[in-house]
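Residues per chain are reported as follows:
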Amino acid sequence: MFPIPVSIITGFLGSGKTTLLNRLLKEPALKDTAVIINEFGDVGIDHLLVEQSSDGIIELSEGCLCCTIRGELVDTLSGLIERLQTGVTKNLSRVVIETTGLADPLPVMAALMAHPVMLQAFRIDGVITVVDAVNGQATLGNHAEAVKQVAVADRLVLTKTDMPESVGELPSLEARLRKLNPAAALIVAQGGGASVAHLFNCGLYDPQTKSADVVRWLRDEAYRNSEDEAHDANHHGHASSGHESHSAPDHHSHDVNRHDAAIRAFTLVHERPVPLAAVQMFFELLQSAHGENLLRMKGIICVAEDSERPLVIHGVQKVLHPPIRLQAWPGTDRRTRLVMITKDISESYIRRLFAAFASEPSIDQPDADALMNNPLAPPGLRT
């Protein structure tokens, strides 16, 4: 039964999270699911309600439970575990947490990763971000929270695509979403595309095989392809204009994308095994000094001390999930691959810092101490 998968549904105000949730709860696949929301009054699921019990739990007609966040999220989840262990709740196969429109989904993930009891009882399946096709461009341009919700998602759900107002917005919005998050599946809600089968089971573990499916979960090739496309675009732009091409956007001429420019998603690949101590120091430095802007990290690492059994890591801001040691490599590619999603941190800085700790030879490569003391380093990363 344990650990129970947890899915987080997020999206900006008015994006259609509640409509999506209502549709999903009618599917038999979500029987024995607990839905955690902020306030019952904020979520229109009244047509599914059966009764409300004294402990703040609402039982739904499809066999689900619905409860509000009482105090801290951990307290609410602990209450669900207690109900399960005491037999008040017979079965619990999944938890779905719907955030408020202004909420950052990362603290929810961090709470699950950082608490010892939560680690035993739950596992993060994925983040599902709902985007309004009519107002999505304006929302992303005006609200940094919306950009972050898109950047860290495992699934992106486009709503209101059937409205006439969305027709002219869709191509540019889809391109923007794919640039912000090239690895997330982009799903259109209308027409039945946003079903349980399409949205859930996107975590590390394959529910069919009961084993880790690192390749499907990591999707590092999506970030590498995106980087190649960006490089090609910059190269062609350089050739045609005759002027130097800069990777940083012009914040004055493209003010609507100013929040996008802060987000960077890339794959760091290292060819040789890395000493475990170097891996630990690399993550400790980044998380302790600049953790709030390390939105999400996923990876598989070839550790020098045991290169036949790779480490799988998953981090959110300052919290790193206890690494998982696989019994064998999930394929022929035995390189270290780290997917990094960051905000206001230079990609080149992270690459150089990892190379320094991993002792990668380079003519102009400074050592780790020099990088940490570099006055040009991001604020907080200098010793």
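See the structure printed just above.
Residues numbered from 1 in each chain as written. Predicted model: local features only at pLDDT ≥ 70, side-chain atom pairs only at ≥ 80, totals over all residues. Heavy atoms only, no water.

Draft legend 1. Quick look at the overall build of the protein. Each helix and strand in the protein was counted, giving 14 helices and 17 strands. Across the 383 residues that make up the protein, the buried fraction comes to 49%. Of the contacts formed within the protein by residues at least 6 apart in sequence, a portion of 72% connects residues at least 24 apart. Looking at the protein as shown, the accessible area adds up to about 17,700 Å², and 52% of this sits on carbon and sulfur atoms. (Helix = DSSP H or I, 4+ residues; strand = E, 2+ residues; numbered from the N terminus. Buried < 20%, exposed > 50% of the residue type's maximum accessible area, 1.4 Å probe, protein only. Contact = heavy atoms within 4.5 Å. Areas by Shrake-Rupley, 256 points an atom, 1.4 Å probe, with all protein chains shown as cover.)

Draft legend 2. Seen up close, helix 6 (residues 144-151). Counting buried residues in helix 6 gives six out of eight residues, a clear majority hidden from the surface. Listing the buried residues of helix 6 in full gives Ala-146, Val-147, Lys-148, Gln-149, Val-150 and Ala-151.

Draft legend 3. Structural detail: the side chain of Lys-298. Secondary-structure assignment places Lys-298 in strand 13 (residues 294-301). Apart from the residues within four sequence positions on either side, Lys-298 is in contact with Asp-154, Trp-217, Leu-218, Ile-313, His-314, Arg-337, Leu-338 and Val-339.

Draft legend 4. The arrangement of the pairing of strand 1 (residues 4-11) in detail. Among the eight residues of strand 1, eight are classified as buried, and the element is accordingly described as predominantly covered. Along strand 1, one buried face is formed by Ile-4, Val-6, Ile-8 and Thr-10 and the opposite face, lined by Pro-5, Ser-7, Ile-9 and Gly-11, is buried too. With eight bridges joining them, strand 1 and strand 7 (residues 122-132) adopt parallel strand pairing. Counterpart to Val-6 in the pairing with strand 7 is Ile-124. Pairing analysis gives four bridges linking strand 1 to strand 6 (residues 94-98), with the strands arranged parallel. Opposite Ile-9, over in strand 6, you have Glu-98 as the bridge partner. (Pairing = 2+ DSSP bridges.)

Draft legend 5. Main features of the pairing of strand 9 (residues 185-188). As paired strands, strand 8 (residues 155-159) and strand 9 are joined by four bridges and run parallel to one another. Across the sheet, Arg-155 pairs through a bridge with Ala-185, a residue of strand 9.

Draft legend 6. Spatial organisation of the packing of aromatic side chains. According to the stated counting rule, one finds two aromatic pairs in the structure shown. A centroid spacing of 5.2 Å and a plane angle of 65° characterise the contact between Phe-282 and Phe-283, whose relative ring orientation is edge-to-face. The pair Phe-282 / Phe-283 is uniform in exposure class, with both members buried. Measuring from centroid to centroid gives 5.0 Å for Phe-282 and Phe-354, while their planes differ by 85°, and the two rings are edge-to-face. Taken together, the positions of Phe-282 in helix 12 (residues 276-290) and Phe-354 in helix 13 (residues 347-357) put the pair 72 residues apart, joining distant regions of the chain. Grouping residues by exposure puts Phe-282 and Phe-354 together as buried. Cluster of aromatic residues (ring-pair linked, three or more members): Phe-282, Phe-283 and Phe-354. (Phe/Tyr/Trp six-rings, centres within 6.5 Å; stacked < 30°, edge-to-face > 60°.)

Draft legend 7. Geometry of the nonpolar core. Leu-77, Val-95, Phe-122 and Leu-177 are the most contacted members of the largest nonpolar core, which has 60 residues in total. Phe-282, Leu-286, Leu-338 and Met-340 belong to the second-largest nonpolar core, a separate cluster that totals 24 residues. (Core = buried A, V, L, I, M, F, W, Y, C linked by side-chain atoms within 4.5 Å.)

Draft legend 8. Layout of the environment of Ala-289. Mapped onto the fold, Ala-289 is located in helix 12. Counting along the chain gives 29 residues from Ala-289 to Lys-318, while the straight-line C-alpha distance between them is 9.0 Å.

Draft legend 9. Structural context of the pattern of salt bridges. Within the structure shown, the criterion is met by 18 salt bridges. Across the pair Arg-216 and Asp-213 runs a salt bridge, and its minimum N-O distance is 3.1 Å. By relative accessible area, Arg-216 is classed as partly exposed at 29%. Here Arg-335 and Asp-333 are joined by a salt bridge, their closest N and O atoms 3.0 Å apart. Three or more residues are tied together by salt bridges with common partners; here these are Asp-220, Arg-224, Glu-271, Asp-333, Arg-335 and Arg-337. (Salt bridge = Lys/Arg side-chain N within 4 Å of Asp/Glu carboxyl O.)

Draft legend 10. Up close: the side chain of Thr-99. In this fold, Thr-99 is placed in the loop between strand 6 and helix 3 (106-114). Exposure remark for Thr-99: the relative accessible area of 6% places this residue in the buried category. A distance of 2.9 Å separates the side chain of Thr-99 from the side chain of Thr-10, its partner in a polar contact. (Polar contact = N/O pair within 3.5 Å; in protein donor to acceptor, adjacent residues only side chain to side chain.)

Draft legend 11. Focus on the environment of Ile-350. Looking at the secondary structure, you find Ile-350 in helix 13. On the basis of relative accessible area, Ile-350 is assigned to the buried category, the value being 0%. With residues up to four places along the chain from it excluded, the contact list for Ile-350 reads Phe-266, Leu-268, Phe-282, Leu-286, Leu-294, Met-340, Thr-342 and Ile-345.

Draft legend 12. Spotlight on the packing of helix 12 against helix 13. Running from N to C, helix 12 and helix 13 cross one another at 145°; their axes reach a closest spacing of 9 Å. For the pair helix 12 and helix 13, the sense of crossing is right-handed. Contacts from Ala-278, Met-281, Phe-282, Leu-285 and Leu-286 of helix 12 reach helix 13 at Ile-350, Leu-353, Phe-354 and Phe-357. Here the contact of helix 12 with helix 13 is built from residues that sort into nine nonpolar, no polar and no charged. (Axes fitted to C-alpha atoms, helices over the stretch in contact; angles between N-to-C directions. Left-handed = near helix turned anticlockwise from the far one by under 90°. Nonpolar A, V, L, I, M, F, W, Y, C, P; charged D, E, K, R; others polar.)

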